Amino acid sequence: MDQFYVLYNVNTQELNGILNTYSAPSDTRTPNEQKIGDYYAACSNTALIETKGLAPIQPLLDEIDKVTKRGLPYLTGELQRLGVNAFFGFGEQQDFKDSTKQVANADQGGLGLPERDYYTRTGDKDKQIRDQYVEHLTNILSFSGEPPQQALVDAKNILAFETRLAEASMTNTERRDPEAIYHPMTLTAFEASMPGVAFAPFLEAVHSPATLAGPLGPGSLIVANPKFFPAMVAAITAADIQTLRAYLRYQLITTFASDLPKRIDAENFHFYGTILYGEPEQRPRWKRCSQAVDNALGEALGQVYVHQYFAGDSKAKTLQMVTDIEAAMDRDLDTLDWMGPATKLRAKEKLHAVADKIGYPEHWRDYTTLTVAPDDALGNVERATAFENDRELNKIGKPVDKLEWGMSPPTVNAYYNPSMNDINFPAGILQPAFYDPKADVAVNYGHIGAVIGHELTHGFDDEGKKFDAAGNMTDWWTAEDTRKFEAKTGCLVNEYGSFTAVGEGKDAVKINGKLTLGENTADNGGLLLAYLAYIARAKTDGLDTTRKIDGYTGPQRFYIAFAQNWCENSRPEAVRQQVLTDEHSPDHFRANGAIVNQPGFAGAFNCKKGAPMAPAENCRVW
């Protein structure tokens, strides 16, 4: 639990108020109000969900029970269209090397555990989790109608099958390099890498354009991990059909567990919530259903949310902070002694091209063709997922919509998109405490300003630096400047890699400095930029930074506000899971890890050089 979670709870309560208003049948509801209200009503009707049992997915279960290996491509497409994580991933993306194009991409996938290393690590804790996973698989398969002994056999075989997929998968750290997941191939060559597999039935079932558009022209796509697909086919060939059917049955049920009978929902949470994250109990149904509506109809719900909770001059004031922080980076680039003039020129070109998206999209998504019923919770999820799948795949071969958002307006988060070269701050995060129109400048720049700086810095971290002002993956750095940059970021890798996040002795788990490098770079650079922008804004507005409020000067309030962003209470299981899978460091390391590298902190709190929070040697990239 941290500041993000606290605000998420507030926003969820606000969304729930909206949804309760529109969940009652009424002839006065607009089409979007009907959809969000009926989606919430159906999700909340657990008695009806219990009564229906497995009936809503029985047709798909029947298909799975009859499928042959020859029929797997078509069935896999059907399941993926509904969000089922079957065998591999398929979708669309902007072409890394031509950001004006939207192309097809195929990727590794199909795992039930969080990522590949859960299958390959040899520690006692990892072996225990794999045993618990087999137990979970057994329970779910039993609930689907399998005899217990058969369910146990199938569960063990599923783990063995997924282990083969995992062994062919890239690590999360490897996948951070955009060049490592960019492999243009013709569809002919892609199919040739999977002997005996016809890809056309899959494309038809998943509702992809029949002729794919990719970097090599019509009939091509991007393959993120070319080694995965031959290994996947080999694993499928080696497995018996009973194992593959059980695997698909499990993937289907776990995808829709929250809208299936309670014993399935509870078992799914027990493994993915309690065992992996240490959560003692599920969130209340009203919270889960409010989030489900946001996931499915984010811009329909977001339109109402923005109208009610993002009024006044919040957007204008946030834009002012964004402009201030971008100006601070422009000035900061001039001071860097390690970057040469040619690279600085290109860096400024990219900085000046960054698009700022604040609050909500200029054009709202059209949900006219999506059917939502007040008495069909699981069907609503299927139709909403298929709607979004079709919308995404329909982009293949079409011009890029630069105005599109990747988050819904109520989301408590923000992001940088390297292919778009834009920074995005939904209305959901522009609320107290991150942004408070009643707070003083120092506090707002410490809270949301640090977030803004963080996202801006992502454009220049070890991933972002590989994309130019137009969002194209190209090397615009001199070789000497890249060498110096890597030395600077290497300092952060070592710093964060020395932190023990959870456990001790042989059970100690340290932060992966390479996996978290991008986020750590953004935390450090973003905090510095926000501070520089705050000092400049205070000077422009004639504010006395030495004036104390609640006993603290302006710089002190700034750093306290930043630290409050990362005030947390986390369970050991959740921290372990985060360190092993997430590109973000645990919250308290995000605070202290960045603070010790800030040139303004020691002066603000009169720390002597060499003190724990003002070390003699520290790291700085930006």
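Residues numbered from 1 in each chain as written. Predicted model: local features only at pLDDT ≥ 70, side-chain atom pairs only at ≥ 80, totals over all residues. Heavy atoms only, no water.

> Just to check I follow, could you spell out the overall build of the chain for this structure?
Counting secondary structure elements, the chain contains 25 helices and 11 strands. For a compact globule of 622 residues, the expected C-alpha radius of gyration is about 25 Å, and the chain comes in at 25 Å, within 12% of that figure. Contacts in the chain between residues at least 24 apart in sequence constitute 73% of all its contacts with a sequence separation of at least 6. Counting every atom, the chain has about 26,000 Å² of accessible surface; 53% of that belongs to carbon and sulfur. (Helix = DSSP H or I, 4+ residues; strand = E, 2+ residues; numbered from the N terminus. Rg over C-alpha atoms; globule rule 2.2 N^0.38 Å. Contact = heavy atoms within 4.5 Å. Areas by Shrake-Rupley, 256 points an atom, 1.4 Å probe, with all protein chains shown as cover.)

> I'm lost on the state of the cysteines in this one. Help?
What makes a disulfide is a covalent bond joining the sulfur atoms belonging to two cysteines. According to the stated counting rule, one finds 2 disulfides in the structure shown. Each sulfur of the disulfide joining Cys 43 and Cys 289 lies 2.1 Å from the other. The S-S bond linking Cys 43 to Cys 289 shows a torsion near -80°; that makes this disulfide left-handed. Remark: Cys 289 occurs in helix α14 (residues 285-296) and Cys 43 occurs in helix α2 (residues 31-44); sequence separation between them is 246 residues. Put simply, Cys 491 and Cys 619 are joined by a disulfide, and their sulfur atoms are 1.9 Å apart. Between Cys 491 and Cys 619 the sulfur-sulfur dihedral comes to about -75°; the bridge is accordingly left-handed. Here the residue Cys 491 occupies a position in helix α20 (residues 479-497), and Cys 619 occupies one in the segment after α25 (601-605), the gap between them amounting to 128 residues. Exposure remark for Cys 619: the relative accessible area of 7% places this residue in the buried category. The cystine pairing of the chain, numbering bonded cysteines in sequence order, is 1-2, 3-4. (Disulfide = S-S within 2.5 Å. Buried < 20%, exposed > 50% of the residue type's maximum accessible area, 1.4 Å probe, protein only.)

> Even after reading the chapter, I still don't get the sheet that holds strand β9 (residues 422-426), so can you show me in this structure?
To summarise the sheet geometry, strands pair through backbone hydrogen bonds and adopt either a parallel or an antiparallel arrangement. Taken in spatial order, the 3 strands of this open sheet run β7-β9-β8, and their pairing is mixed. A single partner strand is all that each edge strand has here, and the edge strands are β7 (355-359) and β8 (415-417). Averaged over all adjacent pairs, the angle separating strand axes in this sheet is 20°, with direction ignored. In the sheet, β7 pairs with β9 via 5 bridges, with the strands oriented parallel. Pairing of Asp 356 across the sheet is with Ile 423, part of β9. Those strands touched by helix α16 (residues 314-335) are β7 and β9, and its axis lies near 150° from that of β7. Lying on the sheet, helix α19 (residues 441-458) is in contact with β8 and β9; it crosses β9 at an angle near 150°. (Pairing = 2+ DSSP bridges. Axes fitted to C-alpha atoms, helices over the stretch in contact; angles between N-to-C directions.)

> What exactly am I supposed to notice about the pairing of strand β1 (residues 88-95) here?
Two faces make up the sheet, and in a regular strand the side chains alternate between them. For β1, a buried count of 7 out of 8 residues is recorded, marking the element as mostly surrounded by other parts of the structure. Relative to strand β2 (residues 98-108), β1 is paired through 8 bridges, and the arrangement is antiparallel. Residue pairing in the sheet places Gln 94 in a bridge with Gln 102 of β2. As consecutive antiparallel partners, β1 and β2 are separated by 2 residues.

> I tried to follow the packing of aromatic side chains on my own but got confused; where do I start?
Any aromatic ring pair is given by two values, namely how distant the centres are and how the planes are angled relative to each other. This model, assessed by the stated rule, comprises 42 aromatic pairs. With 5.4 Å between their ring centres and 35° between their planes, Tyr 133 and Phe 271 make a pair best called tilted. A residue pair is termed long-range when its members are at least 10 positions apart, and Tyr 133 in helix α7 (residues 124-143) and Phe 271 in helix α13 (residues 262-277) qualify at 138 residues. A residue is classified by how much of its surface remains accessible, and Phe 271, at 0% relative accessible area, is buried. (Phe/Tyr/Trp six-rings, centres within 6.5 Å; stacked < 30°, edge-to-face > 60°.)

> Looking at this structure, how should I read the sheet that holds β1?
What the 4 strands build is an open sheet, ordered β1-β2-β6-β3; its pairing is mixed. Every other strand in the sheet has two partners, leaving β1 and β3 (184-186) as the edge strands with one partner each. Each strand of the sheet is rotated relative to its neighbour by a mean of 40°, with strand direction disregarded. Bridging between β2 and strand β6 (residues 220-223) involves 2 bridges; their strand directions are parallel. Its bridge partner lying in β6, Asn 105 is registered against Ile 222. The strands touched by helix α11 (residues 228-238) within the sheet are β1, β2 and β6, with β2 carrying the most contacts at an inclination of about 30°.

> Help me out: how do you make sense of the packing of α16 against helix α17 (residues 341-353) in this one?
Think of two packed helices as two axes; the pair is described by the angle between the axes and how far apart they sit. Direction vectors running N to C along α16 and α17 enclose 180°, while the axes themselves pass 10 Å from each other. With respect to α17, the element α16 is oriented roughly antiparallel. When α16 is examined against α17, the residues Glu 326, Met 329, Asp 330, Leu 333 and Asp 334 are found in contact with a partner set consisting of Lys 344, Ala 347, Lys 348, Leu 351 and His 352. For the contact of α16 with α17, the per-class residue count stands at 4 nonpolar, 1 polar and 5 charged. (Parallel < 35°, antiparallel > 145°, perpendicular 65-115°, else oblique. Nonpolar A, V, L, I, M, F, W, Y, C, P; charged D, E, K, R; others polar.)

> What am I meant to see in the environment of Pro 31 here?
Among the structural elements, Pro 31 can be located in helix α2. By relative accessible area, which is 58% here, Pro 31 ends up exposed.

> How should I be thinking about unusual backbone geometry in this particular structure?
Glycine aside, residues mostly have negative phi, and peptide bonds are mostly found in the trans state. In this structure, Ala 433 follows Pro 432 across a cis peptide bond, with omega equal to 5°. For Ala 433, the position within the fold is in the loop between β9 and α19. With phi around 70°, Phe 87 is a residue other than glycine that occupies positive phi space. Mapping Phe 87 onto the fold places it in the loop between α5 (72-81) and β1.

> Help me understand the side chain of Arg 245, please; the structure alone is not making it clear to me.
Its location among the elements puts Arg 245 in helix α12 (residues 241-255). Although Arg 245 lies buried, it forms no salt bridge, and the closest oppositely charged side chain, Asp 65, sits 6.1 Å away as judged by the N-O distance. In this structure the side chain of Arg 245 is engaged in a polar contact, spanning 3.4 Å, whose partner is the backbone oxygen of Asp 65. Within the local environment of Arg 245, its side chain forms a polar contact with the backbone oxygen of Val 67, the two atoms lying 2.8 Å apart. (Lys, Arg positive; Asp, Glu negative; His and termini not counted. Salt bridge = Lys/Arg side-chain N within 4 Å of Asp/Glu carboxyl O. Polar contact = N/O pair within 3.5 Å; in protein donor to acceptor, adjacent residues only side chain to side chain.)

> It is not clear to me how the side chain of Arg 176 should be interpreted in this structure. Could you clarify?
Among the structural elements, Arg 176 can be located in the loop between α8 (148-167) and β3. If we skip the residues at most four places from it in the chain, Arg 176 touches Asp 462, Glu 463, Lys 514, Leu 515, Leu 517, Gly 518 and Glu 583.

> Can you walk me through helix α24 (residues 587-595) in this structure?
Counting buried positions along α24 yields 7 of 9 residues, so the element is predominantly enclosed. Looking at α24, one finds that the buried residues are Asp 587, Phe 589, Arg 590, Ala 591, Gly 593, Ala 594 and Ile 595.

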